[in-house]
Amino acid sequence: MKHWIQAARLRTLPLSVSGIIVGSAYAHYQGYSDWSIVVLALLTTLGLQVLSNYANDYGDGVKGTDANRIGEKRLVAAGVITAEQMKKAVIITAVLTFIIALLLIYVAFGKENFALSLIFILLGIGSIGAAIKYTVGKSAYGYSGFGDVFVFIFFGLVSVIGSNFLFTHFIDWKLFLPATAIGLLSVAVLNLNNMRDIENDKIAGKNTLVVKMGLKWAKKYHEIILATGMLSFMVFLMLIKSSLFPVLLVNIPIIMNMNKVNKSEKYEDFDPELKKVALSTFALSLLFWLTLVFLN
């Protein structure tokens, strides 16, 4: 059991639910509250993240990408879990996640909104497909530099705006700002991961955006997406006339991360920074939720 827990990469889970927390918190601010939707949305997102991690372990493992990686070891590459066992785990996790997603959709829309239910069912199928196709198969988009785009879409736009829509059944344009923020902060985590693995990815033929632009430009890119993300969230808080405390507090570790990444020369230095940005994003979402629920 401990090997499957390790393969699930628990340290990635807080980042995955950040968008759900933000979207649900704003729904509460708008006057919509349903804990069954919150719980099911969180379970669906956690299922998708675990699915992505299993699929990533399998995809990189069978392609030999993880043979000499820096950081936490991957179980298929290390021979702890066989490729066939991981493939079965991917299928089982995908099925369970889809069942939870269907229950979420039913609770959110009932029998009356068939069109909306159908749209979200297709969105759920797309999310599952995206989680698997990041590294699995010959056309895995993570190997052609599109990982950043998909992370931005699913961790940011879909997570924040989609979770809020489950409550309200309409789209508030202001939500594109925090969705952009959470999406870009999530991309920053992936960028750190790819900067750490740049040499290994080059050898394995995994052409991430970092491999394509080089480490120097990847560092500049990192600064831009972090700064843009934090600014987007700040503008959103100003628009809804909420306290800027969440952004001002989280800005401290984010600025420290920018400075550390800019000075780092060893690939190993990027690994601890990955966790810091992920936890900072999670902290931002929690502080935002606390601000809206208790201070507003």
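Here's what I pulled together on the structure shown here. (Residues numbered from 1 in each chain as written. Predicted model: local features only at pLDDT ≥ 70, side-chain atom pairs only at ≥ 80, totals over all residues. Heavy atoms only, no water.)

1. Topic: the overall build of the protein
Secondary structure summary: the protein contains 13 helices and 0 strands in total. The N-to-C order of helical and strand elements in the protein reads α-α-α-α-α-α-α-α-α-α-α-α-α. By its C-alpha atoms, the protein is 50 × 45 × 30 Å across when sized along the principal axes. For the protein, buried positions account for 51% of its 296 residues. At a minimum sequence separation of 6, the contacts of the protein that also span at least 24 residues come to 78%. (Helix = DSSP H or I, 4+ residues; strand = E, 2+ residues; numbered from the N terminus. Buried < 20%, exposed > 50% of the residue type's maximum accessible area, 1.4 Å probe, protein only. Contact = heavy atoms within 4.5 Å.)

2. Describing the packing of aromatic side chains
Summed over the entire model, instances satisfying the criterion amount to 13 aromatic pairs. Ring geometry for Tyr 26 and Tyr 29: centres 5.6 Å apart, planes at 20°, overall stacked. Highlighted residues: Tyr 26 and Tyr 29, both in helix α2 (residues 13–30), separated by 3 residues, approximately one helical turn. Given a relative accessible area of 34%, Tyr 29 falls into the partly exposed group. Geometrically, the ring pair formed by Tyr 32 and Phe 170 is edge-to-face, given 6.3 Å between the ring centres and 65° between the ring planes. Of the two residues, Tyr 32 sits in the loop between α2 and α3 (35–63) while Phe 170 sits in the loop between α7 (147–168) and α8 (176–196), which places them 138 residues apart along the sequence. (Phe/Tyr/Trp six-rings, centres within 6.5 Å; stacked < 30°, edge-to-face > 60°.)

3. Details of the environment of Ile 37
Positionally, Ile 37 belongs in helix α3. Apart from the residues within four sequence positions on either side, Ile 37 is in contact with Leu 104, Val 107, Ala 108, Leu 166 and Phe 167.

4. Description of the packing of α2 against α7
For the pair α2 and α7, interaxial distance at closest approach is 8 Å and the crossing angle is 35°. The chirality of how α2 crosses α7 is right-handed. Facing Leu 15, Ser 16, Gly 19, Ile 20, Val 22, Gly 23, Ser 24, Tyr 26, Ala 27 and Gln 30 of α2, the residues of α7 in contact are Phe 155, Ser 159, Val 160, Ser 163, Asn 164, Phe 167 and Thr 168. Considering only residue class, the contact of α2 with α7 consists of 8 nonpolar, 9 polar and no charged. (Axes fitted to C-alpha atoms, helices over the stretch in contact; angles between N-to-C directions. Left-handed = near helix turned anticlockwise from the far one by under 90°. Nonpolar A, V, L, I, M, F, W, Y, C, P; charged D, E, K, R; others polar.)

5. Some points on the packing of α7 against α8
In a packed pair of helices, the relevant descriptors are the angle between the two axes and the axis-to-axis distance. Where α7 meets α8, the closest approach of the two axes is 8 Å, and the angle between their N-to-C directions is 145°. For the pair α7 and α8, the sense of crossing is right-handed. Contacts between α7 and α8 involve Gly 147, Asp 148, Val 151, Phe 152, Phe 155, Gly 156, Leu 157, Val 160 and Ile 161 from the first element and Phe 176, Pro 178, Ala 179, Thr 180, Ile 182, Gly 183, Leu 184, Ser 186, Val 187, Leu 190 and Asn 194 from the second.

6. Points about the side chain of Asn 251
Assignment of secondary structure puts Asn 251 in helix α12 (residues 245–263). For Asn 251, a relative accessible area of 19% translates into the label buried.

7. Some points on a nonpolar patch on the surface
A cluster of nonpolar residues, Ile 171, Trp 173, Phe 176, Leu 231, Val 235 and Leu 239, forms a patch on the protein surface that exposes about 610 Å² of accessible area. When you line up the elements, Val 235 lands in helix α11 (residues 215–239). Accessibility expressed as a relative area gives 33% for Val 235, which makes it partly exposed. (Patch = residues over 30% accessible without salt bridge, like charges linked within 9 Å, V, L, I, M, F, W, Y side chains within 5 Å. Areas by Shrake-Rupley, 256 points an atom, 1.4 Å probe, with all protein chains shown as cover. Salt bridge = Lys/Arg side-chain N within 4 Å of Asp/Glu carboxyl O.)

8. Re α7
Over its 22 residues, α7 extends 30 Å from the first C-alpha to the last, a length consistent with the 32 Å expected when each residue adds 1.5 Å. At Val 158, α7 shows its maximal kink, close to 40°. (Expected span 1.5 Å × (residues − 1). Bend = angle between axes of the 7 residues up to and from the residue.)

9. What to know about the side chain of Asn 191
Summarising the element assignment, Asn 191 is placed in helix α8. On the basis of relative accessible area, Asn 191 is assigned to the buried category, the value being 1%. Here Asn 191 is in contact with Val 210, Ala 218, Tyr 221 and His 222, once residues within four sequence places are set aside.

10. Section: the pattern of salt bridges
All chains considered together, the criterion is met by 6 salt bridges. Where Arg 196 meets Asp 197, a salt bridge forms, and the shortest distance between an N and an O atom there is 2.9 Å. The class for Asp 197 is buried, based on a relative accessible area of 7%. Beyond isolated ion pairs, a larger network of salt bridges with shared partners links Arg 11, Arg 196, Asp 197 and Asp 271.

11. Some points on the nonpolar core
By size, the foremost hydrophobic cluster in this structure holds 48 residues, and its most contacted members are Met 195, Phe 233 and Phe 288. Considering each element in turn, this core owes the most residues, 11 residues, to α8. Not counting residues up to four positions away in its chain, the partners in contact with Met 195 are Val 210, Leu 215, Ala 218, Lys 219, His 222, Val 261, Tyr 267 and Phe 270. In terms of nonpolar packing, the next biggest core, distinct from the first, is built from 19 residues, Leu 13, Leu 51, Val 76 and Ala 131 among them. (Core = buried A, V, L, I, M, F, W, Y, C linked by side-chain atoms within 4.5 Å.)

12. Some points on unusual backbone geometry
It is generally the case that most residues other than glycine have a negative phi and that most peptide bonds are trans. You will see that Arg 9, though not glycine, has its phi angle at about 55°, which is positive. With respect to the secondary-structure elements, Arg 9 resides in the loop between α1 (2–8) and α2. Classification of Arg 9 by relative accessible area gives buried; the value is 9%. In this structure, Lys 241 takes a positive phi of about 55° despite not being glycine. Considering the arrangement of structural elements, one finds Lys 241 in the loop between α11 and α12.

As far as function goes, none of this settles anything; it's purely spatial.
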